[in-house]
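Next come the chains, spelled out residue by residue.
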Amino acid sequence: MIPFFIEKNSSTRDKIIFVLVENPGISTKKICAILKKQYALNVTYQAVHKTLKQMVEQRIITFSQKKYVLDERWINNLKLFLLKNVHYYYCHYYYCHYY
């Protein structure tokens, strides 16, 4: 799953990704506080916990010693996906339409 990069329109899951990019290795409580303060998100601790649990199951994030970080494999897969599709886009869209 690719995060929606326009922050104001993004889901809670995507906002959690943004939070963990800027604050790796934080707890559920801290994530919840940042979502409320930085994103003015009206979300309960239980809802954040449930979303984090789903994200761990999807291997988007990892949980160790009561702290969450983005999963390195997920980051690498996202990077490969983007590189492949940027290459495809430029090779097929620009070259096919303008030459």
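Located above this text is the structure these notes cover.
Cut-offs applied
Residues numbered from 1 in each chain as written. Predicted model: local features only at pLDDT ≥ 70, side-chain atom pairs only at ≥ 80, totals over all residues. Heavy atoms only, no water. Helix = DSSP H or I, 4+ residues; strand = E, 2+ residues; numbered from the N terminus. Buried < 20%, exposed > 50% of the residue type's maximum accessible area, 1.4 Å probe, protein only. Core = buried A, V, L, I, M, F, W, Y, C linked by side-chain atoms within 4.5 Å. Axes fitted to C-alpha atoms, helices over the stretch in contact; angles between N-to-C directions. Parallel < 35°, antiparallel > 145°, perpendicular 65-115°, else oblique. Contact = heavy atoms within 4.5 Å. Nonpolar A, V, L, I, M, F, W, Y, C, P; charged D, E, K, R; others polar. Salt bridge = Lys/Arg side-chain N within 4 Å of Asp/Glu carboxyl O.

Asks: Just to check I follow, could you spell out unusual backbone geometry for this structure?
Replies: If a residue is not glycine, its phi is most likely negative; likewise, a peptide bond is most likely trans. A positive phi angle is found at Arg59, which is not glycine, with a value near 60°. We note that Gln65 has phi near 50°; this positive angle belongs to a residue other than glycine. Within the fold, Gln65 resides in the loop between β1 (61-64) and β2 (67-70). The exposure class of Gln65 is exposed, given its relative accessible area of 73%.

Asks: Even after reading the chapter, I still don't get the nonpolar core, so can you show me in this structure?
Replies: Inside soluble globular proteins, nonpolar side chains tend to come together where they are buried. If you look at the biggest cluster of nonpolar residues, it comprises 22 residues, and the most contacted ones within it are Ile16, Leu20, Ile31, Leu35, Val48 and Ile61. Elements represented by at least two residues in this core include exactly α1 (12-22), α2 (28-39), α3 (45-57), β2 and α4 (72-98).

Asks: Teacher, can you tell me more about the packing of α1 against α2 here?
Replies: When two helices pack together, their arrangement is given by the angle between their axes and by how far apart the axes lie. Where α1 contacts α2, the two axes come as close as 10 Å, and the packing angle between them is 105°. The orientation of α1 relative to α2 falls into the category roughly perpendicular. Residue-level inspection shows Thr12, Lys15, Ile16, Phe18, Val19, Leu20 and Glu22 of α1 in contact with α2, the latter providing Ile31, Ile34, Leu35, Gln38 and Tyr39. Within the contact of α1 with α2, the residues separate by chemical class into 8 nonpolar, 2 polar and 2 charged.

Asks: Explanation requested: the pattern of salt bridges in the structure shown.
Replies: A side chain of one charge can pair with a side chain of the opposite charge when the charged atoms of the two come close. Using the criterion set out here, one finds 2 salt bridges in the structure. Arg13 serves as the salt-bridge partner of Asp14, at 2.9 Å between the closest nitrogen and oxygen. For the residue pair Asp14 and Arg13, the accessibility class agrees, reading buried in each case. In this structure, Arg73 and Asp71 form a salt bridge, with 3.3 Å as the shortest nitrogen-oxygen distance. The exposure class assigned to Arg73 is exposed, which follows from its relative accessible area of 51%.

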